[in-house]
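A look at the structure
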Amino acid sequence: MTDQSLPISAYLARAPHARRLGHVELGFGCSATVWQNRDARIRYDDPQGHTLSFYTRGGGGTRRLDRDGAAAGPGWPGAVCLMPQGQASEWQIGASFEFVHLHLPDEALRRSFASTCDRDARLLQPADLTYVEAPALAAPFRALHDATRAGARLAAEGAMHDILGLVFADRRYGAGLRLPLTGGLAPRRRRLVLDHIEAHLSGPLHLHELAALAGLSPFHFQRSFRASCGVSPHRWIAARRIERARWLLGSGAPLARIALDCGFDSQSHFTRVFKAAMGLTPGGYRAALGTARASRAT
């Protein structure tokens, strides 16, 4: 990936007939966008982040030009594409069609894989896939589409997690491959460190203490942790604290108490970090939870 790399959404925004029908931010740089496009030729050069695409309407006039055979298309409603970070592709678009894109920064995807699957992040090698039959993904992708069109942030988050759970369980997407690994943290050491982090999220966590658990110097621990978990120790801890806070925000506990329980120095520190990661303040996120619950009750 070069310094000039752009997300696929930036390439699409330049297409003359592309229309954005809905967009939601999903935290940690992840997002979902519903697009409509027609009559274009578009090339994605060195795209930033990974994109999962699902065709919701049409697609019969869309082909991938840098592929041969069935992988070239045409598409159809329900077709899934996976466009990995840095993988160039070129597309010819004829008749109007509608699709939803799930954009995932590399760090966010690898951290999610390592956390969800308790596997080394390097065992995730997203495949370059075009026009895959994936019936199991249809329902969560349609839920993502509907939530994105409606601007229903929490419903879209839930659909994203459902999609990733299915992707991480299917090797054709490049998840959980058996690869020779060098460096990084041994599985037992990785689990020991992550369990320690989880048990001590409410208090201070120091790099030298985590490094000692792994039997490494702080310098080598940082490198090994990033290799195995996809992010630095600092970013992993921050993400876990935010995830715990998201869960506690539904409990009705005071924000100041949640801040302390999740290891933040103060409520203002909690608010600043949470908003930077999630795009909403803790109070705004709690309000969204209340709205979602009221909607489900009616």
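Along each chain, the written sequence defines residue order, and numbers are assigned to residues from 1. Whole-chain, interface and lining totals are the exception, using all residues; otherwise, since this is a predicted model, local features are given only for residues with pLDDT of at least 70 and side-chain atom pairs are given and counted only at 80 or more. Calculation of side-chain values draws on the structure's entire complement of heavy atoms; hydrogens and water are dropped beforehand.

**Topic: the side chain of serine 224**
We apply this condition: Helix and strand assignments come from DSSP, with helices taken as H or I runs of at least 4 residues and strands as E runs of at least 2, each series counted from the N terminus. Contact definition: two residues touch when any of their heavy atoms are within 4.5 Å.
Structurally, serine 224 can be placed in helix H7 (residues 218-229). With residues up to four places along the chain from it excluded, the contact list for serine 224 reads Gly184, Leu185 and Leu216.

**Brief notes about the sheet that holds strand E9 (residues 129-132)**
Rules: Strands qualify as paired when DSSP identifies two bridges or more between them. For helices, the fitted line uses only the C-alpha atoms of the stretch in contact; every axis is such a line through C-alpha atoms, and the angle between N-to-C directions lies from 0 to 180 degrees.
As summarised here, the arrangement of the 6 strands in space is E1-E2-E8-E4-E6-E9, forming an open sheet in which the pairing is antiparallel. Sheet topology places strand E1 (19-27) and E9 at the edges, where each strand pairs with a single neighbour. Strand-to-strand twist across the sheet, computed as the mean angle between neighbouring axes with direction ignored, equals 15°. By the bridge criterion, 7 bridges tie E1 to strand E2 (residues 30-37) in an arrangement that is antiparallel. Along E2, the bridge assignment pairs glycine 22 with valine 34. Packed on one face of the sheet, helix H4 (residues 153-168) meets E1, E2, strand E4 (50-57) and strand E8 (97-104) and runs near 80° to E1.

**Section: the packing of aromatic side chains**
For the record, the criterion: Centre distance within 6.5 Å is the pairing criterion for rings of Phe, Tyr and Trp, where only the six-membered ring of Trp is used; planes under 30 degrees apart are then read as stacked, over 60 as edge-to-face, and the remainder as tilted. Type-normalised accessible area, obtained with a 1.4 Å probe on protein chains alone, sets the label of each residue: buried when under 20%, exposed when over 50%, and partly exposed for intermediate values.
This model, assessed by the stated rule, comprises 14 aromatic pairs. Note on tryptophan 91 and tyrosine 131: the rings are 6.2 Å apart at their centroids and 90° apart in plane angle, and the pair reads as edge-to-face. Within this pair, whereas tryptophan 91 is found in strand E7 (residues 89-93), its partner tyrosine 131 is found in strand E9, the two being separated by 40 residues in sequence. Per residue, the accessibility class of tryptophan 91 equals that of tyrosine 131, and both read buried. A ring pair is formed by phenylalanine 264 and phenylalanine 270, whose centres lie 5.1 Å apart and whose planes are at 35°; its orientation type is tilted. Under the relative-accessibility criterion, phenylalanine 264 is labelled buried at 6%.

**A closer look at the nonpolar core**
Put simply, the test is: Put simply, buried Ala, Val, Leu, Ile, Met, Phe, Trp, Tyr and Cys residues joined by side-chain atoms within 4.5 Å make one nonpolar core.
Formed by 35 residues in total, the largest nonpolar core has its most connected members in Leu52 and Leu144. Considering each element in turn, this core owes the most residues, 7 residues, to H4. Discounting chain neighbours no more than four positions away, the residues touching leucine 52 are Val80, Cys81, Leu82, Val100, His101, Leu102, Leu104, Phe141, Ile163 and Val167. Core analysis: the next-biggest nonpolar cluster, separate from the first, contains 18 residues, Trp35, Ile42, Phe97 and Phe99 among them.

**Description of the pairing of strand E6 (residues 80-83)**
Successive side chains on a regular strand alternate, one facing one side of the sheet and the next facing the other. Alternating residues of E6 divide into Val80 and Leu82 and Cys81 and Met83, and every residue in both groups is buried. When E6 meets E9, the two strands line up antiparallel, connected through 2 bridges. Note that in E9 the partner of valine 80 across the bridge is valine 132.

**Quick word on helix H8 (residues 233-248)**
As a reminder, the rule being used: Multiplying one less than the number of residues by 1.5 Å gives the expected span of a helix.
Here H8 spans 23 Å end to end across 16 residues, near enough to the 22 Å set by a 1.5 Å rise per residue. Pro233, Trp236, Ile237, Ala239, Arg241, Ile242, Ala245, Arg246 and Leu248 are the residues of H8 that are buried.

**Notes on unusual backbone geometry**
The step from glycine 73 to proline 74 runs through a cis peptide bond, and the omega angle for that step is 10°. Considering the arrangement of structural elements, one finds proline 74 in the loop between strand E5 (62-64) and E6. At aspartate 39, a position not held by glycine, the phi torsion is positive, near 45°. We note that aspartate 46 has phi near 50°; this positive angle belongs to a residue other than glycine.

**Here we look at the sheet that holds strand E3 (residues 40-44)**
Spatially, the 3 strands line up as an open sheet ordered E3-E7-E5, and their pairing is antiparallel. Strands at the two margins of the open sheet, each flanked by one partner only, are E3 and E5. Taking each pair of neighbouring strands and ignoring which way they run, the sheet shows an average axis angle of 20°. As defined by bridge partners, E3 adjoins E7 across 5 bridges and the pair is classed as antiparallel. What sits directly across from tyrosine 44, in E7, is serine 89.

**A word on the pairing of E2**
The buried fraction of E2 is high, at 8 of 8 residues. Residues Cys30, Ala32, Val34 and Gln36 of E2 are buried on one face, and the alternating residues Ser31, Thr33, Trp35 and Asn37, pointing to the opposite face, are buried as well. In this structure, the hairpin formed by E1 and E2 is closed by a connection of 2 residues, where phenylalanine 28 is found at a positive phi of approximately 55°. Pairing of E2 with E8, which is carried by 7 bridges, proceeds in the antiparallel orientation. Counted as the bridge partner of alanine 32 is leucine 102 from E8.

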